[in-house]
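Residue-level structure breakdown
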Amino acid sequence: MQKKISTIWRFLLPVLVLLTVAPFVLTGQQASQQLGHIHAGATEQAHTLVRLLDVTEELVSEQANAAMRLLKQRSQQLGEVSIDGLVQLQAQTLPNLKMGSTEITGQFDLVDGVSDLFGGTATMFVRSGDSFVRIATNVKHENGSRAVGTLLNPKGKVIRALLAGKEYSGVVDILGQPYITRYDPLVDANGNVIGAYYIGYKVDIKVLRDTVQNMRQLTTGFAVILDETNNIRFLSSHITAAKAVSLLQSRPDNWEFVTETVPKWGFNVIVAYPLSEARAVSLANAWFVVFAGILLGTLLIVIILWQLRRLILNPIGGDPALAIDVVKRIAAGDLAQDGLHAKPDTLMASVLEMRQKLRESIDTLRQNAERMRLSASVFDHAHDGIFITDAHANIVEVNYAFTQITGYSRDDALGRVPQALGFVTYDDSLLDMLWLQAESNSEWRGETWSRRKDGDVYAAWLDIFCVRDEANQIRNFVGLFSDITQAKEQQQNLERMAYHDPLTQLPNRALLSDRLQQALARAERSGELLAVCCLDLDGFKPVNDTLGHEAGDYLLVQLAVRMSACLRDSDTVARLGGDEFAVLLCGLQNVDECVQTLERLLSVIKTPYSIGDKSVTVSSSIGYTIFPDDGCEPDTLLRHADHAMYQAKLNGGSRVQQFDSHHDRQFRGLRQDRERVEAALPNQEFRLYYQPKVDLRQGKVVGMEALIRWEHPELGLRSPATFLPLVEDTDFSIPLGEWVIREALGQIRIWQAAGLDFQVSVNISAKHIVQSNFTERLILLLSDFPEIAPHKIELEITETAAIEDVSGVANTINSCKQLGISFALDDFGVGYSSLTYLRRLPVETIKIDQSFVRDMLQDVDDLAVVAGVISLSRDFKRKVVAEGVENSEQGLWLLRMGCSVVQGYGVARPMGADEVQHWVESYQQAPDWTQGLV
């Protein structure tokens, strides 16, 4: 018993000494740490206030610089700066500051214009001696009046900088309020400082004031901000200003003062607290830790004593020497039965039982050895990587596939955790969570990203499960994984192909629909506006026709990059197909913001594109509708935006158009009519009729004018007045015009083979003639009819088409005339014609509009117009043709006035191509016209 007690004391004595000394050591350490924490907290509070001031200054300074640049720019636009005499301002005689011819004194438009754009205040100063006086400002007194006539602080640092000809930026008190300002000197042509520019923003410091007032350190500590004159700007609300001033001036030793300087403001931030209170708090916290340590130490001693009694001091249960001998024999591998027995529930009994179980285990291991060899073969030859860890996740074995996939050898892997070998590389904590999940559920499987030894990242399918012993305790974790990077990439490519346009990589219609649903839900929650827009390129078809579809695709890719860069990350631009796109503008505050964004987008689209060595320009028609003003379903919103886009095209294109529900029904009908007209071309429903032109002097047919008709399957033959206005200003007028030229050339070939020899006139629309590739396209059409001489075709352009772009049309005419093509100016006199247009357009023929010819014998004004046009044609050496001749008397008058070539119902009505030859062969001129030649 004495031996047992001495053993206990040998163990307990060091523990008791440690428990005696530890409280005093811990108390000092904890108190020191607490004081450090309190000081660090005070420092952090001071830094917080400094950051508030710095952030306020940085946010406003950039805006002040931009406003100053605008103020200077507008000042320079007024003219040269000078002093011109004196001027009176509020009973003061000041130098008269002028910019160009504009007097700046009392000129508030300059400063108000800058403030309207950038906010804040702006001022123009004039120098009077060594003083600077405000002569134009929107800084106001408390009563609301402008502070003109007031002086810049003569003792401040601003006036010192200006007198030295230097700029000044910083915080300045103006009329008792802090402003973040910028002052720039205003110099005359001789470099003398004669005034100053000023931009300032009144600082909203409510957040700073509230922060300081609510701030305290411990119970009686406080925070204070002093300005450059050491006056208190802000102070914690729980201390009086008088007491704070007293403490700041005396700086007692039992107080700690943490000071931070704000150079840009000239302020000092001070956080102060009493050291006695800090020490009291530190000791209070330290004693709590000490008490907890003593309690835990006592509990530990009780547990240790109980375990010593239970595990060591109780009888071993047999002869110790015998127990030691049995253990040695087991360690030597001698497990033979020797007839020994022991008292139950003793150490000796446990050793004997362990020997019996070891003997049985060895027999079982021998039986399983063959199965293990088979399993090892499967382990080594599996295509999936396999690793086995112990219960602490340290790798104990890997297979060959593991080394091939990861790049780590077996020696590299053994003894290391999977995280160290790049498993689950993007989240170090995830694998720990997987161990826990596998431990609780016995298995976890899923996709992860891992990193090979060479740094390559690969996707892996990982399966982790645990191996338990007979006591259900985890012995190992087994991980099986395979490289699925290629399959993952294929899946991502398929998903991207499903939701993105393959050419531009923009979202497609499917992804647009999903984002539109999300944007509508977000707009309903936030109350903000959502703009749904559709846009279509104007002038894109000629790019494809002239440069090829590869060039068109390249243009679309450039366009996608431009539009994406022009819009915000929260917006969406999607390609619907061809040259049609959709745009979602989210988070709008008003409609004007939408219009500004779309106008900016339109400007970006108009910027020329470089395609090889060519510079190409296209424009766009953009239609939009606003949710929730237009509270329809998503598909309807897109349809409304599409309607608005087509309305923009009808209005001339290259513009932005908002959806108008009042005109929607009318527009839908107009669009349907237009689509029906466009469908008539591929349906081969258009026909060409021909009206003869005759020369009254020669008495023979000299030409035909090709006139288009629509053979409607239900309404019959329709005149051009019923359908051409619907499409003449659209892109469809270009393929329609080319069809007319091709048909006319084909008919000339037929007539030429039949022995008929005359010129055919074809009308060209305004949109067609102004195309930059008009000449190249005409050459291609002529090349299909090599047997037709180019002079056999005449192109008629209306006077209004020429007026749209006189120089451009003139260049086109000249290039076509080099091919042999002739031109006529149609409907002369009904547009905005002038001698300038007649002089600049190199046409061979002028056609007098039928509205003048028809009534010239009844209306002397019309007769005068006809005579004037004929006279102009002679003066400008142009041929002249009269349209709308309905009787022989009109032809006779025209012949006498000098116009011999005419056409109209008085000659013949328009006829089908199969009737022309018979009419020409049987044509007989009216007798009156023949007599008029005598």
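Because the structure is predicted, anything quoted here is derived from the model rather than measured.

What about a nonpolar patch on the surface?
A cluster of nonpolar side chains, contributed by L296, L299, I303 and W306, occupies part of the molecular surface with about 430 Å² of accessible area. One can find L296 in helix α6 (residues 275-313).

A look at the confidence of the model for the protein chain
Looking at the protein chain, pLDDT values average 84 and 88% of them are 70 or higher. Contacts for the low-pLDDT stretch residues 1-7, under 50 throughout, to residues beyond four places or in other chains number one contact.

Here's the deal with the sheet that holds strand β16 (residues 457-468)
With antiparallel pairing, the five strands of this open sheet are ordered in space as β14-β13-β17-β16-β15. Pairing within the sheet leaves two strands with one partner each, and these edge strands are β14 (395-398) and β15 (443-451). If you compare each strand with its neighbour and ignore which way they point, the axes differ by 25° on average. One ladder, built from nine bridges, connects β16 with strand β17 (residues 474-483); its direction is antiparallel. Bridged to D463 within β17 is L480.

Some details on the pairing of strand β13 (residues 385-390)
Examined bridge by bridge, β13 and β17 share six bridges and lie antiparallel to one another. Across the sheet, D390 pairs through a bridge with N476, a residue of β17. Linking β13 back to β14 in an antiparallel pair, the connection comprises four residues, with A393 at a positive phi of about 70°.

Re the pattern of salt bridges
This structure, assessed with the given rule, holds 28 salt bridges. Linking D571 and R568 is a salt bridge whose minimum nitrogen-to-oxygen distance equals 2.8 Å. Take R568: its relative accessible area is 38%, and that puts it in the partly exposed class. A salt bridge links R742 to D784; the shortest N-O distance between them is 3.0 Å. Of this pair, R742 sits in helix α20 (residues 733-753) while D784 sits in the loop between α22 (774-783) and β29 (793-798), and the two are 42 residues apart along the sequence. Classification of D784 by relative accessible area gives partly exposed; the value is 39%. One salt-bridge network, in which partners are shared between bridges, spans K72, E167, R182 and D184.

Thoughts on the pairing of strand β1 (residues 81-89)
Of the pairings in the sheet, the one linking β1 to strand β2 (residues 92-99) comprises seven bridges and is antiparallel in character. Among the inter-strand pairings, L89 is bridged to a residue of β2, identified as Q92. As consecutive antiparallel partners, β1 and β2 are separated by two residues, and within that stretch Q90 has a phi angle of approximately 50°, a positive value.

Some points on the nonpolar core
Among the nonpolar cores identified, the biggest contains 76 residues, and F686, M704, V762, L795, V866, L894 and W919 are the most heavily contacted of them. With eight residues, α20 is the largest single contributor of residues to this core. Once residues lying within four places of it in the same chain are set aside, the contact partners of V866 are I848, F852, V853, M856, L894 and M897. Grouped together as the second largest cluster of nonpolar side chains are 50 residues, A46, L70, I135 and I180 included.

Here's the deal with α22
The complete set of buried residues in α22 reads F774, T775, L778, L781 and L782. Taken down its axis, α22 places every buried residue within 120° of arc, on the same side. For α22, the elements touching its buried residues are α20, β28 (759-764), α21 (766-769), β29 and α24 (806-817).

Observations concerning the sheet that holds strand β10 (residues 232-235)
Reading across the sheet, the four strands line up as β10-β9-β12-β11 and stay open at both edges, with antiparallel pairing between neighbours. Each end of this open sheet is capped by a strand with a single partner; those strands are β10 and β11 (255-262). In this sheet, neighbouring strand axes are inclined to one another by 20° on average, regardless of whether the strands run parallel or antiparallel. With three bridges joining them, strand β9 (residues 222-226) and β10 adopt antiparallel strand pairing. Note on β10: the bridge partner recorded for V224 is L235. The strands touched by helix α5 (residues 241-250) are β9, β10, β11 and β12 (267-274); relative to β10, the strand with the most contacts, the crossing angle is about 110°.

Here's the deal with the environment of A754
Its place among the elements puts A754 in the loop between α20 and β28. Taking the relative accessible area as the measure of exposure, A754 reaches 39% and is therefore partly exposed. With 163 residues separating them in the primary sequence, A754 and Q917 have C-alpha atoms 8.3 Å apart.

Section: the packing of helix α15 (residues 549-566) against helix α16 (residues 591-606)
Look at α15 against α16: their axes get within 10 Å of each other, and the N-to-C directions meet at 150°. By the angle between their directions, the pair α15 and α16 is classed as roughly antiparallel. Handedness of the crossing formed by α15 with α16: right-handed. Judged by residue contacts, L559, R562, M563 and C566 of α15 engage R600, L601, V604 and I605 from α16.

Overview of the packing of aromatic side chains
Using the criterion set out here, one finds 19 aromatic pairs in the structure. Where Y183 meets Y198, the ring centres are 5.0 Å apart and the plane angle is 45°; that geometry is what we call tilted. Of the two residues, Y183 is situated in strand β7 (residues 177-187) and Y198 in strand β8 (residues 193-202); the sequence distance between them amounts to 15 residues. Like Y198, Y183 is buried. A network of ring pairs unites the aromatic residues F125, Y168, Y183 and Y198 as a single cluster.

A closer look at the environment of A342
Here A342 shows up in the loop between α7 (320-331) and α8 (347-381). On the basis of relative accessible area, A342 is assigned to the partly exposed category, the value being 27%. Residues A342 and E353 lie eleven residues apart in sequence; the distance between their C-alpha atoms is 9.8 Å.

Cut-off values and rules
Residues numbered from 1 in each chain as written. Predicted model: local features only at pLDDT ≥ 70, side-chain atom pairs only at ≥ 80, totals over all residues. Heavy atoms only, no water. Patch = residues over 30% accessible without salt bridge, like charges linked within 9 Å, V, L, I, M, F, W, Y side chains within 5 Å. Areas by Shrake-Rupley, 256 points an atom, 1.4 Å probe, with all protein chains shown as cover. Salt bridge = Lys/Arg side-chain N within 4 Å of Asp/Glu carboxyl O. Helix = DSSP H or I, 4+ residues; strand = E, 2+ residues; numbered from the N terminus. pLDDT = per-residue confidence, 0-100. Contact = heavy atoms within 4.5 Å. Pairing = 2+ DSSP bridges. Axes fitted to C-alpha atoms, helices over the stretch in contact; angles between N-to-C directions. Buried < 20%, exposed > 50% of the residue type's maximum accessible area, 1.4 Å probe, protein only. Core = buried A, V, L, I, M, F, W, Y, C linked by side-chain atoms within 4.5 Å. Arc of directions from axis to C-beta. Parallel < 35°, antiparallel > 145°, perpendicular 65-115°, else oblique. Left-handed = near helix turned anticlockwise from the far one by under 90°. Phe/Tyr/Trp six-rings, centres within 6.5 Å; stacked < 30°, edge-to-face > 60°.

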